[in-house]
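One letter stands for each residue in the lines below.
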Amino acid sequence: RGTLASANIYNGAFGLVPNVQFVKGPMACLAVEIWCTSHLAFFVFALTDPDNSVPSAAAPALIGTTVMTLVNVFGPITGCGMNPARDIGPRIITAATGWGATAWHSVIPYTVGPLIGGVLGGALYNAFAKKKKSTASV
């Protein structure tokens, strides 16, 4: 316990660890987390925008389907964090229960990635997909 090699023992239960077969280094993991979280944020914005034609009763099921799809695609690659609290809370407990600094291995991609991805997804939706309201007066 407490070595980088032992980090795979707690993968997914006490903090996420990227799959080294697919992700080569922390920057690649950060990029994947930004990518998947930006997709989630984009779809949440699209599905909950009152100016769109998505019925409000359908939005929860469609958001759940989006999350399920993202987890199925990105889960094998990075664990598909998409939520900093999903990773940071278990890491605090893991560090406090004897794993020490090993618990903080790969913390940056799973904390910073979703924050950047959420902002990026919302910004992309607002810039390219949101229906623009006409400012012309009648």
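The structure presented is a predicted model; accordingly, all values stated were derived computationally and were not measured. (Residues numbered from 1 in each chain as written. Predicted model: local features only at pLDDT ≥ 70, side-chain atom pairs only at ≥ 80, totals over all residues. Heavy atoms only, no water.)

Chemist: Just checking my understanding: could you explain the nonpolar core for this structure?
Modeler: Among soluble globular proteins, nonpolar side chains are generally buried collectively. Of all hydrophobic cores here, the largest spans seven residues; its members are Val32, Cys36, Leu40, Leu70, Phe74, Cys80 and Met82. Listing elements by their share of this core, those giving two or more residues are helix 1 (26-48) and helix 2 (59-78). Broken down by element, this core gets its largest block of residues, three residues, from helix 1. For Leu40, the contacting residues outside a window of four places in its chain are Thr66, Val67, Leu70 and Met82. (Core = buried A, V, L, I, M, F, W, Y, C linked by side-chain atoms within 4.5 Å. Buried < 20%, exposed > 50% of the residue type's maximum accessible area, 1.4 Å probe, protein only. Helix = DSSP H or I, 4+ residues; strand = E, 2+ residues; numbered from the N terminus. Contact = heavy atoms within 4.5 Å.)

Chemist: Help me understand the side chain of Thr78 in this model?
Modeler: With respect to the helices and strands, the residue Thr78 is situated in helix 2. Polar contacts involving the side chain of Thr78 include one to the side chain of Glu33, which spans 2.6 Å. At 3.2 Å, the side chain of Thr78 forms a polar contact with the backbone nitrogen of Cys80. Ignoring anything within four residues of it in the chain, the contact list for Thr78 reads Leu16, Val17, Pro18, Val23, Cys29, Val32, Glu33 and Tyr110. (Polar contact = N/O pair within 3.5 Å; in protein donor to acceptor, adjacent residues only side chain to side chain.)

Chemist: Is there a simple way to think about helix 4 (residues 107-129) in this case?
Modeler: Counting along an α-helix, one turn takes 3.6 residues, and residues three or four places apart therefore face a common direction. Spanning 23 residues, helix 4 covers 32 Å between terminal C-alpha atoms, matching the ideal 33 Å at 1.5 Å per step. At Gly113, helix 4 is deflected by roughly 25°, the largest bend along its length, and proline Pro114 occurs up to four residues later in sequence. Buried residues belonging to helix 4 abut helix 1, helix 2 and helix 3 (84-99). (Expected span 1.5 Å × (residues − 1). Bend = angle between axes of the 7 residues up to and from the residue.)

Chemist: Sorry, what's going on with the packing of aromatic side chains here?
Modeler: Aromatic ring pairs are reported here in terms of the distance separating the ring centres and the angle at which the planes meet. Using the criterion set out here, one finds three aromatic pairs in the structure. Here the aromatic rings of Phe42 and Tyr125 are separated by 5.5 Å at their centres, their planes lie at 75°, and the arrangement is edge-to-face. Here the residue Phe42 occupies a position in helix 1, and Tyr125 occupies one in helix 4, the gap between them amounting to 83 residues. Ring centres of Phe45 and Tyr125 lie 6.0 Å apart, and the angle between their planes is 50°; this geometry places the pair in the tilted category. Note that Phe45 is positioned in helix 1 and Tyr125 in helix 4, a separation of 80 residues in sequence. An aromatic cluster of three or more residues is present, and its members are Phe42, Phe43, Phe45 and Tyr125. (Phe/Tyr/Trp six-rings, centres within 6.5 Å; stacked < 30°, edge-to-face > 60°.)

Chemist: So what exactly am I meant to see when it comes to the environment of Asp49 here?
Modeler: With respect to the element layout, Asp49 can be found in the loop between helix 1 and helix 2. In the structure, Asp49 is positioned 82 residues away from Lys131 in sequence and 9.4 Å away in space, judged by C-alpha atoms. Not counting residues up to four positions away in its chain, the partners in contact with Asp49 are Tyr125 and Lys130. A distance of 3.0 Å separates a polar atom in the side chain of Asp49 from the backbone nitrogen of Asp51. A distance of 2.6 Å separates polar atoms of two side chains, one belonging to Asp49 and the other to Tyr125.

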